[in-house]
Amino acid sequence: MEELQRRVDEVRARRTELDNHLIDELVAGRISRREFIRRGTVLGMSMGVLGFLAAACGGSSTPGTTGSSATGAVKKGGTMTVGIIAPSAAVNPLTVADEGGLAVLGQAGEYLTWSDEKLNLQPVLAESWSPNADGSVWTFKIRQGVTFNNGQPLKAEDVAKTFKTHSDPKGGSSALSAFAGVLKPAGVQVVDDQTVAFHLDAPNGNFPYLVSSDNYNTIILPANYDYGGKYETSFVGTGPWKMTSFKTGSEVAYAKNPSYWQAGSPILDTVTLKFYADEQPRVLALQSKQLDVVSQFSASTGQPLFNNPNVKVLELRSAAHRQVHMRTDKEPFTDKRVRQAIALLLDRPALVQGLLSGKGDMGNDSPFAPVFPSTDTSVAQRAKDVDKAKQLLADAGKSSFTVTLATWNGYEIPLLAQTIKQAVQQVGGTINLSVTNPSTYYGSAVFGKSPWLDSTMGITDYGHRGVPNVFLSAPLTSSGPWNSAHFHNKDYDALVKQYVAAVEVQAQKAAAAKIEQLLLDESPVLFPYFHFHMSATQTNIAGVEPTAMGHIRLTKAGQLA
C-alpha cells in the first residue's frame, strides 16, 4: 500500500490544481468512477493516468473503452459500403449543418479531439491539453509528424487559422452556434510550433468539447485553404481516407490515405459512402446486403433489423432529441400558463414506447438529458395531467385557440406532430399541421427566412452533443442564433453563464438544477424525449465506430477474419 500511495503522490505532484481537485472528489466519493474518467479526459488527463488513479482509489484499473463495435480480429484490406443520410447541401466545412454532411467531413478530415459514445474525449490532432486555474485559457499541444493528404505538414498555424475562421462573427460558420460568446478570432494564439492557446471570452469548463468532433465543422484545414472555395473538389484533410470520386447527391468513394499518421490504419483499402435521401431505402439496402453498414435509423422504420439474425444493431444512448418550440412573443403562447398546459398534455412514457419502441429516455423539458453527468436527476419528472392543463388554460383565458405547428417529414417527427395535435384537441385547442421537407422547414436558418425560427410553434430535431452547452445557449439564450421560441429571460441567461463557467461537476450540477426548474416553469421549449442513436452492420463486419452525433469512424473497420 505504501508503494501504491507513493506512486499516487508522484502522479498528483505533476498534476494541476484542477486535476488534483478532481482526484479529491473521487477519493471522497462525491463523483462516480465514470464521472471521474469523463471529466479527467476533459481536463486533458490521459486514459492511462485516469485508469491508474481510478484503480488506486478502489475502482477497476481498466478505463472506459472506446465503445467501438469491434468484437474480433478483422482481415487487412478489402472494401466496405456504408449507407448514410444524404448531405442536405454542399459539403462545405464552413456551412455543414446536417448529419450527412458531418459524416462525410469526418472521413478525410480530423479534429483536435474525438468525443466518443461514452462522452470521453480522445486525443487526435491534439496530443494533450490543459486549462489555466479558472478555465478561461486552454492550451493544446499539436501532434507532430502529421501531413495533410495534399502533402502539406500540419502546423500550429493551421490549427489557429481553422479556429479563427470558425469563430469569426462575420465568417458565416455554422460553428458559431458553439463559439458565439465563447471565443473570438483574436483569442486564438499560436504559442510556438507545437502549441495553440485559446483565450476565451469567459471561463468555460467544457471547452475541449467545442474543439472536438462534437463541433463537426472544425476539421483542421491548411492555413492557406480557401474557405470560399469548393471543398468537394479536394476533400483536403489529415484523416485516414483520401477521396477518389465524388458524385453530388449519390456517393463519395475513398482510398486509404498512404501518409496517414496512425501506423497500421486504416485497415480497409477503400470505402464508399452512399447517400440516401430517405430512410426506408437505406434500411432495405442493408437487408438485401447492398450495404455493409447503415448509419442511423429510427426505431419505427428499422423494426425489421432488430430481430434479423444477419444484422448487428449498434445502439447508443444519447442526448439527441426533438424540441417543440412555442413562440413566447406570439399568441397564444405569450402566457406561460398556456405553454405549461401544452407540456402537461404529453404522455412521455407512451411517446418513448410508441414512437421509439422504448429506444429512448423521457425528457423533462430542459436540455439536460439523463446521459449527461451534470444533469440533476432529483428534479421531479413532468407528467401528463389533463385536468391541470385545462385549469391553466382557463386561468389564462385561452380555453380555445388555433395555431399552426410547422415541422418536417423525417423519422417519427410527423407522428409526434400528430400526437400533439390530438392531445391539444382534448382541451379545446386546434393545431393545424404544416409538414414540409427539411430544406423548406429550415430555410436559410436565419430569422426572417426560416419556418424553423419564425413559426409560432414547431418541432425541430437536434443531434447529440457530449455536453449540453450548445443546447443551453443556441436555442434558449436571449442572443441564441437558434432561439426559435424567441425566449428572453435574464435569469436564464445568467444561469447558463454560471453553468458554462463551472469546471467542477458538482458546480455544474448545482447550476443545472436551477436551470431545469426555471425551464419547467417557463416552458418555452418542450423536450419530450431523448432518442437512442442506432446504426447496424452485417454480422461479418467489425470495428465500425458510430457516435450518437452521427459520425461513422471506419479507421479500425473491416471484415471478420
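If you're wondering where the values come from, they're calculated on a predicted model, not measured in any experiment.

J.: In this structure, what is going on with the side chain of Gln323? I would like to understand it.
T.: When you line up the elements, Gln323 lands in strand 13 (residues 321–326). Within the local environment of Gln323, its side chain forms a polar contact with the side chain of His321, the two groups lying 3.0 Å apart. Excluding anything up to four places from it in sequence, Gln323 contacts Gly458, Ile459, Thr460, Tyr462, Pro475, Val525, Leu526 and Phe527.

J.: It is not clear to me how the environment of Ser245 should be interpreted in this structure. Could you clarify?
T.: Along the chain, the position of Ser245 falls in strand 8 (residues 241–247). Measuring from C-alpha to C-alpha, the distance between Ser245 and Asp361 comes to 40 Å, with 116 residues separating the pair along the chain. Excluding residues within four positions of it along the chain, Ser245 makes contact with Glu251, Val252 and Ala253.

J.: Looking at this structure, how should I read the side chain of Glu522?
T.: Of note, Glu522 is situated in helix 19 (residues 505–522). Once residues lying within four places of it in the same chain are set aside, the contact partners of Glu522 are Lys336, Arg339, Phe487 and Asn489.

J.: Just to check I follow, could you spell out the sheet that holds strand 9 (residues 251–256) for this structure?
T.: Strands pair in a sheet through their backbones, by hydrogen bonds, and they do so in one of two ways: parallel or antiparallel. Read from one edge of the open sheet, seven strands run 8-9-10-1-11-20-12, paired in mixed fashion. Either end of the sheet is taken by a strand with one partner, and the two such strands are strand 8 and strand 12 (311–316). Relative to strand 9, strand 8 runs antiparallel, the two sharing six bridges. Each bridged residue has a counterpart across the sheet, and for Trp241 the counterpart in strand 9 is Lys256. On top of the sheet, helix 5 (residues 99–108) reaches strand 1 (79–85), strand 8, strand 9, strand 10 (270–276) and strand 20 (533–538); it is set at about 150° to strand 1, its chief contact.

J.: Looking at this structure, how should I read the layout of surface pockets?
T.: To find leftover empty space, a probe the size of one water molecule is rolled over the atoms. The calculated volume of the second largest pocket comes to roughly 500 Å³. Surrounding the second largest pocket, 24 residues form its lining, Ala180, Gly181, Val182, Ser473 and Lys497 being those nearest its centre. Sorting the residues of the lining of the second largest pocket by element identifies helix 7 (176–179), helix 17 (469–473) and helix 18 (490–501) as the ones contributing at least two each. It is helix 18 that contributes the most residues to the lining of the second largest pocket, five residues altogether. A class-by-class count of the residues in the lining of the second largest pocket yields 13 nonpolar, nine polar and two charged.

J.: Hey, could you run me through the pattern of salt bridges in this one?
T.: It is possible for side chains bearing opposite charge to pair when their charged atoms get close. Under the criterion given, the structure shown has 14 salt bridges. Asp201 serves as the salt-bridge partner of Lys184, at 2.9 Å between the closest nitrogen and oxygen. Of the two residues, Lys184 sits in the loop between helix 7 and strand 6 (188–192) while Asp201 sits in the loop between strand 7 (195–199) and helix 8 (207–210), which places them 17 residues apart along the sequence. Here Asp365 ties to Arg348 by a salt bridge, and the two come within 2.9 Å at their closest N and O atoms. Residue Asp365 is located in the loop between strand 14 (360–362) and helix 13 (386–395), and its partner Arg348 is located in helix 12 (residues 348–356); the two are separated by 17 residues in the primary sequence. Via salt bridges that share partners, Arg348, Asp365 and Arg382 belong to a single interconnected network.

J.: Looking at this structure, how should I read unusual backbone geometry?
T.: If a residue is not glycine, its phi is most likely negative; likewise, a peptide bond is most likely trans. The linkage connecting Ser265 with the following residue, Pro266, adopts the cis geometry, with an omega of -5°. Along the chain, Pro266 falls in the loop between strand 9 and strand 10. In this model, Glu331 is joined to Pro332 through a cis peptide bond whose omega is 10°. Here Pro332 lies in the loop between strand 13 and helix 11 (336–344). Backbone geometry places His486, a non-glycine residue, at a positive phi of 50°. Along the chain, the position of His486 falls in the loop between helix 17 and helix 18. Residue class for His486 comes out buried when judged on its relative accessible area of 17%. We note that Ser523 has phi near 50°; this positive angle belongs to a residue other than glycine. Relative to the elements of secondary structure, Ser523 occurs in the loop between helix 19 and strand 18 (525–526).

J.: What is the right way to look at the nonpolar core in this model?
T.: Soluble globular proteins tend to pack their nonpolar side chains together in the buried interior. By size, the foremost hydrophobic cluster in this structure holds 154 residues, and its most contacted members are Leu112, Phe198 and Phe207. Residues contacting Leu112, with those up to four places away along its chain left out, are Pro123, Val124, Leu125, Ala126, Phe140, Ile142, Val159, Phe163, Phe198, Val211 and Ile220. Counting residues in hydrophobic clusters, the runner-up holds twelve residues, among them Tyr276, Leu286, Leu291 and Phe297.

J.: I keep staring at the packing of helix 11 against helix 19 and nothing clicks. Help me out?
T.: Helix 19 packs onto helix 11 with a crossing angle of 100° between their chain directions and a minimal axis gap of 7 Å. Taken together, the axes of helix 11 and helix 19 lie roughly perpendicular to each other. Residues Lys336, Arg339 and Gln340 of helix 11 pack against Leu520, Asp521 and Glu522 of helix 19. Classifying every residue of the contact of helix 11 with helix 19 gives one nonpolar, one polar and four charged.

J.: Is there a simple way to think about the environment of His321 in this case?
T.: Structurally, the position occupied by His321 is in strand 13. Residues His321 and His531, spaced 210 residues apart in sequence, show a C-alpha to C-alpha distance of 5.9 Å.

J.: Before we go on, may I ask you to explain the pairing of strand 4 (residues 126–131) in this structure?
T.: On any regular strand, side chains alternate: one points to one face of the sheet, the next to the other face. Pairing analysis gives five bridges linking strand 4 to strand 5 (residues 137–142), with the strands arranged antiparallel. Note that in strand 5 the partner of Ser130 across the bridge is Thr139. Linkage of strand 4 to strand 5, two consecutive antiparallel strands, is achieved through a turn of five residues, within which Gly135 is found at a positive phi near 80°.

J.: How should I be thinking about the sheet that holds strand 6 in this particular structure?
T.: Taken together, the four strands give an open sheet; going across it, the order is 4-5-7-6, and neighbouring strands pair in antiparallel fashion. The open sheet has two free edges, formed respectively by strand 4 and strand 6, since each of these has just one partner strand. Taken over all neighbouring pairs, the strand axes of this sheet differ in orientation by 25° on average, direction set aside. For strand 6 and strand 7, the ladder comprises four bridges, and the chain directions are antiparallel. Looking at the pairing, Val188 lines up with Phe198 of strand 7.

Reading the values: rules and limits
Along every chain, residues carry numbers that run from 1 in the direction the sequence is written. Local features in a predicted model are, by the rule used here, given only for residues with pLDDT of at least 70; side-chain atom pairs are given and counted only at 80 or more, and totals for whole chains, interfaces and linings are based on all residues. The basis for the side-chain values is all heavy atoms of the structure; hydrogens and waters are excluded. In this description a helix means any DSSP run of H or I spanning at least four residues, a strand means any run of E spanning at least two, and both kinds are numbered starting from the N terminus. Polar contact is the term for a pair of N or O atoms within 3.5 Å; when the atoms are in protein, one must be able to donate a hydrogen and the other to accept it, and sequence-neighboring residues count only if both atoms are side-chain atoms. Whether two residues are in contact is decided by their heavy atoms, any of which lying within 4.5 Å being enough. DSSP-based pairing: two strands are paired if at least 2 bridges between them are found. Axis definition: a line fitted to C-alpha atoms, limited for helices to the stretch in contact. Angles are taken between N-to-C directions and run from 0 to 180 degrees. Cavities and pockets were defined on a 1 Å grid built from protein atoms only: a cavity is a group of points that admits a 1.4 Å probe but offers it no way out, a pocket is an open group of points flanked by protein on both sides within 12 Å along at least five of seven lines, and a lining residue is one with an atom within 4 Å of any such point. Grid points are joined across faces, edges and corners, and a volume is the space filled by probe spheres set on the points. All residues other than Ala, Val, Leu, Ile, Met, Phe, Trp, Tyr, Cys, Pro, Asp, Glu, Lys and Arg, Gly among them, are scored as polar; the first ten of these are nonpolar and the last four charged. In the sections that follow, a salt bridge refers to a side-chain nitrogen of Lys or Arg positioned within 4 Å of a carboxyl oxygen of Asp or Glu. The buried label goes to any residue with under 20% of its type's maximum accessible area, the exposed label to any with over 50%, and the partly exposed label to all in between, with areas taken from a 1.4 Å probe on protein chains only. The criterion is simple. A nonpolar core is a set of buried Ala, Val, Leu, Ile, Met, Phe, Trp, Tyr and Cys residues joined through side-chain atoms within 4.5 Å. Convention used here: angles under 35 degrees read as roughly parallel, angles over 145 as roughly antiparallel, angles from 65 to 115 as roughly perpendicular, and any remaining angle as oblique.

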